[in-house]
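# A closer look at the structure
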Amino acid sequence: MKTNVLTLDAKKAGDIELDEAIFGVTARADILHRVVNWQLAKRRAGTHAVKFRSDIARTGKKWGRQKGGGTARHGDRRSNIFIGGGRAFGPVVRDHGFDLPKKIRKLGLKSALSAKQADGKLIVVDVAELKDGKTKELAAKLAKLGLANALFVDGAEVNENFKRAVANIPNIDVLPSQGANVYDILRRDTLVLTKAAVAKLEERLK
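In what follows, the accompanying structure is described. Just so you know, these numbers come straight off a predicted model, no measurement behind them. (Residues numbered from 1 in each chain as written. Predicted model: local features only at pLDDT ≥ 70, side-chain atom pairs only at ≥ 80, totals over all residues. Heavy atoms only, no water.)

### A word on the overall build of the protein
Condition: By definition, any uninterrupted DSSP run of H or I lasting at least four residues is a helix, any uninterrupted run of E lasting at least two residues is a strand, and each is numbered from the N terminus. Restricting the calculation to C-alpha atoms gives the radius of gyration, and the globule rule supplies 2.2 Å times the number of residues raised to the power 0.38. When accessible area is computed with a 1.4 Å probe and restricted to protein chains, residues below 20% of their type maximum are described as buried, those above 50% as exposed, and intermediate ones as partly exposed. Contacts are assigned to residue pairs with any non-hydrogen atoms lying within 4.5 Å of each other. Each accessible area is a Shrake-Rupley estimate made with a 1.4 Å probe; only the visible protein chains count as cover when residues are assessed.
Regarding its fold elements, the protein presents seven helices and six strands. Starting at the N terminus and ending at the C terminus, the protein contains elements arranged as β-β-α-α-α-β-α-β-α-β-α-β-α. The C-alpha atoms of the protein give a radius of gyration of 27 Å, which is well past the 17 Å a tight globule of 206 residues would have. With the C-alpha coordinates of the protein rotated into their principal frame, the extents come out at 95 × 40 × 25 Å. Within the span of the protein, comprising 206 residues, buried residues form 37% of the whole. Of all intrachain contacts in the protein linking residues separated by at least 6 positions in sequence, the fraction that spans at least 24 positions is 70%. Entry remark: accessible area of the protein is about 12300 Å², with carbon and sulfur atoms responsible for 50%.

### Describing the side chain of Thr-3
Within the secondary structure, Thr-3 is located in strand β1 (residues 2–6). The class of Thr-3 is buried, set by a relative accessible area of 17%. Not counting chain neighbours up to four residues away, the residues in contact with Thr-3 comprise Asp-15, Ile-16, Leu-18 and Val-124.

### A word on the packing of helix α3 (residues 102–118) against helix α7 (residues 195–205)
Rules: Lines are fitted to the C-alpha atoms to define the axes, a helix being fitted only along its stretch in contact, and any angle between axes, read from their N-to-C directions, falls within 0 to 180 degrees. Here a crossing is taken to be left-handed if its near helix is turned anticlockwise relative to the far helix by less than a right angle, and right-handed if that turn runs clockwise. Three classes are used: nonpolar for Ala, Val, Leu, Ile, Met, Phe, Trp, Tyr, Cys and Pro, charged for Asp, Glu, Lys and Arg, and polar for all others, with Gly counted as polar.
In the contact formed by α3 and α7, the axes pass within 11 Å of each other and the chain directions differ by 145 degrees. Remark: the crossing between α3 and α7 carries left-handed chirality. Of α7, the residues touching α3 (which contributes Lys-106, Leu-109, Lys-110 and Leu-113) are Leu-201, Arg-204 and Leu-205. Split by residue class, the contact of α3 with α7 holds four nonpolar, no polar and three charged.

### Considerations on the nonpolar core
To keep it simple, the criterion reads: Residues belong to one nonpolar core when they are buried, are Ala, Val, Leu, Ile, Met, Phe, Trp, Tyr or Cys, and are joined through side-chain atoms within 4.5 Å.
Phe-23, Leu-113, Leu-191 and Leu-193 are the most contacted members of the largest nonpolar core, which has 29 residues in total. If you list the elements that add at least two residues to this core, you get α1 (20–23), α2 (29–43), α3, β3 (122–125), β4 (150–153), α6 (182–187), β6 (190–194) and α7. No other element matches the five residues that α2 contributes to this core. Core analysis: the next-biggest nonpolar cluster, separate from the first, contains 19 residues, Ile-123, Leu-138, Leu-147 and Ile-169 among them.

### Quick word on the sheet that holds β6
To keep things clear, this is the line we draw: A pair of strands counts as paired when DSSP detects no fewer than two bridges linking them.
As summarised here, the arrangement of the six strands in space is β2-β1-β3-β6-β4-β5, forming an open sheet in which the pairing is mixed. Each edge of the sheet is formed by a strand with only one pairing partner; in this case those strands are β2 (12–17) and β5 (172–175). Strand-to-strand, the axes of this sheet are offset by a mean angle of 30 degrees, without reference to chain direction. Sheet analysis places β4 next to β5, joined by four bridges and oriented parallel. Counted as the bridge partner of Ala-150 is Ile-172 from β5.

### Quick look at α7
So the rule is basically this: When we speak of the arc, we mean the arc of directions from the helix axis to the C-beta atoms.
Residues of α7 that are buried: Ala-197, Val-198, Leu-201, Glu-202 and Leu-205. Seen from one end, α7 has its buried residues packed into an arc of 130 degrees, which puts them on one side. Where α7 is buried, its residues contact β2, α1, α3, β3, β4 and β6.

### Comments concerning the pattern of salt bridges
Under the convention used in this document: A pair is scored as a salt bridge if a Lys or Arg side-chain nitrogen falls within 4 Å of a carboxyl oxygen belonging to Asp or Glu.
Under the defined criterion, the tally for this structure stands at 10 salt bridges. With a shortest N-O distance of 2.8 Å, Arg-188 and Asp-173 are connected by a salt bridge. Here Arg-188, found in the loop between α6 and β6, pairs with Asp-173, found in strand β5; they are 15 residues apart in sequence, far enough to count as distant. Look at Asp-173 and you get partly exposed, because its relative accessible area is 23%. Through salt bridges that share partners, Asp-173, Asp-184, Arg-187 and Arg-188 make up one connected network.

### Digging into the environment of Arg-73
Examined against the element boundaries, Arg-73 turns out to sit in the loop between α2 and α3. Separated by 68 residues in sequence, Arg-73 and Lys-141 place their C-alpha atoms 76 Å apart.

### Quick word on the side chain of Ser-111
Relative to the assigned elements, Ser-111 resides in helix α3. Look at Ser-111 and you get buried, because its relative accessible area is 0%. Sequence-distant contacts of Ser-111, defined by excluding residues within four places in its chain, comprise Val-25, Thr-26, Ala-27, Arg-28 and Leu-32.

Next comes the structure, spelled out in structure tokens:
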């Protein structure tokens, strides 16, 4: 499928052929859901933890008489039923991640790219570069393109001046092609690919 290539000044700079097998597949919500869950689960630190009965630094001595106290019989104060005692069934340090087949991950990325293309939310630009890393300059170019919420994906590396300018603009992100992922593509309204990014993604997903 052919699509126009634009400059950052919203002028036409030719056209490009997009691979149907990558940008023209049927978007599957179930696959996208699985991949996003996988990504977010991997992000979780899993460092939440509490002290259990064996972790409390209190005496283990029996604190009351066995009989005649008028209350229940208890052992040490580290029990979870006392203030300052251990926690029962609390969270432990663990990894929240789970395995997802490579085929599913690849299909998820194809689905995300195809969904943006089908919705008319995919723009291809020739390059994403700036002479000076000025936010004002980039903001003016984004206004010409009509972008207020977008993800830019560049080739192997992102232009340093472009990255510096983007850092000060809310709802605009930039990633190198190897960092392109389903979650970041879906969370932004528009996906902007450079010609180098298209080539890298097609090479990666074939």
